[in-house]
Amino acid sequence: LEDNIVEALKTKKTFDSRNCANILWAFAKINRKSDQLFRLMDNQVISNIDAFNSQEIANTVWAYATVGHSSSPELFDAISHTAIKKINTFNSQELANTVWAYAKIEYYSCPKLFDAISHAAIKKIDTFNAQNIANTMWAFARARHSSPKLFDAISHKVMEKLDTFN
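Residues numbered from 1 in each chain as written. Predicted model: local features only at pLDDT ≥ 70, side-chain atom pairs only at ≥ 80, totals over all residues. Heavy atoms only, no water.

## Notes on unusual backbone geometry
The bulk of non-glycine residues show a negative phi, and the bulk of peptide bonds are trans.
Piece 1. With a phi close to 60°, Glu106 is a non-glycine residue in the positive phi region.
Piece 2. Examined against the element boundaries, Glu106 turns out to sit in the loop between helix H6 (92-104) and helix H7 (111-123).
Piece 3. Given a relative accessible area of 47%, Glu106 falls into the partly exposed group.
Piece 4. Positive phi, close to 55°, is recorded for Arg144, a residue that is not glycine. (Helix = DSSP H or I, 4+ residues; strand = E, 2+ residues; numbered from the N terminus. Buried < 20%, exposed > 50% of the residue type's maximum accessible area, 1.4 Å probe, protein only.)

Have a look at this one:
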């Protein structure tokens with residue numbers, strides 16, 4: 001399968017946003033770090049990024065972070081800019097996974113993304129579960145990105161959900 005996808009990418013086959021996200025997610029889910037495949041997918045993602053929805057954005061950046069492929073700054077900048085434009089369509093898991101991924105790959109050149117996620121998370125804090133809270137707090141701490149209003153909102157939510165943390 002990997003060879004077929006790589007060959008298709010080399011012959012300039014174009015994948016839509018859903019196919020890009022699903023391919024990357026699947027390889028990350030089975031912990032298959034294919035540098036060649038991920039590198040070839042960079043251009044596919046960049047050229048189609050405006051068509052990506054919030055789930056596709058979150059799954060794509062999660063996949064890159066999960067396999068530890070921190071390819072080009074252009075890729076993560078493109079994803080960041082599109083995520084910011086679409087941030088109000090993200091659900092709590094997509095917000096948490098996106099910010100977690102940026103912190104995991106240690107790509108901190110996008111403070112506006114962290115700010116946008118912070119504002120969106122505050123509005124949706126009631127929908128955050130314990131895992132979303134933990135991932136979001138870890139990401140902000142790892143990036144050393146301050147967001148006092150988000151931290152206050154999370155601290156109140158943690159107190160409400162204290163028995164769900166293990």
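## A word on the packing of aromatic side chains
Piece 1. Per the counting criterion, the structure on display carries seven aromatic pairs.
Piece 2. A ring pair is formed by Phe76 and Tyr102, whose centres lie 6.0 Å apart and whose planes are at 80°; its orientation type is edge-to-face. Taken together, the positions of Phe76 in helix H5 (residues 73-86) and Tyr102 in helix H6 put the pair 26 residues apart, joining distant regions of the chain.
Piece 3. Classification of Phe76 as buried rests on a relative accessible area of 1%.
Piece 4. With centroids separated by 6.2 Å and ring planes inclined at 85°, the aromatic side chains of Phe140 and Phe151 adopt a geometry described as edge-to-face. Of this pair, Phe140 sits in helix H8 (residues 130-143) while Phe151 is found in helix H9 (residues 148-161), placing the two residues 11 residues apart along the sequence.
Piece 5. A residue is classified by how much of its surface remains accessible, and Phe140, at 1% relative accessible area, is buried.
Piece 6. Taken together, Phe38, Tyr64, Phe76, Tyr102 and Tyr107 form an aromatic cluster joined through their ring pairs. (Phe/Tyr/Trp six-rings, centres within 6.5 Å; stacked < 30°, edge-to-face > 60°.)

## Some remarks on the nonpolar core
Nonpolar side chains in soluble globular proteins tend to be buried together.
Piece 1. Counting residues in hydrophobic clusters, the biggest one holds 55 residues, and the most contacted among them are Leu37, Val45 and Tyr102.
Piece 2. Top element by residues in this core is helix H4 (residues 54-67). It accounts for seven residues.
Piece 3. Apart from the residues lying within four places of it in its own chain, the contact partners of Tyr102 are Val61, Phe76, Ile79, Ser80, Tyr107, Tyr108, Cys110, Leu113 and Phe114. (Core = buried A, V, L, I, M, F, W, Y, C linked by side-chain atoms within 4.5 Å. Contact = heavy atoms within 4.5 Å.)

## Comments concerning helix H1 (residues 2-10)
One turn of an α-helix holds 3.6 residues; hence residues three or four places apart share an orientation.
Piece 1. Of the residues making up H1, those classed as buried are Glu2, Ile5, Val6, Ala8 and Leu9. One side of H1 holds all its buried residues, which, seen down the axis, span an arc of 160°. The exposed residues of H1 that point more than 90 degrees off its buried face are Asp3 and Asn4.
Piece 2. Against helix H2 (17-29) and helix H3 (35-48) lie the buried residues of H1. (Arc of directions from axis to C-beta.)

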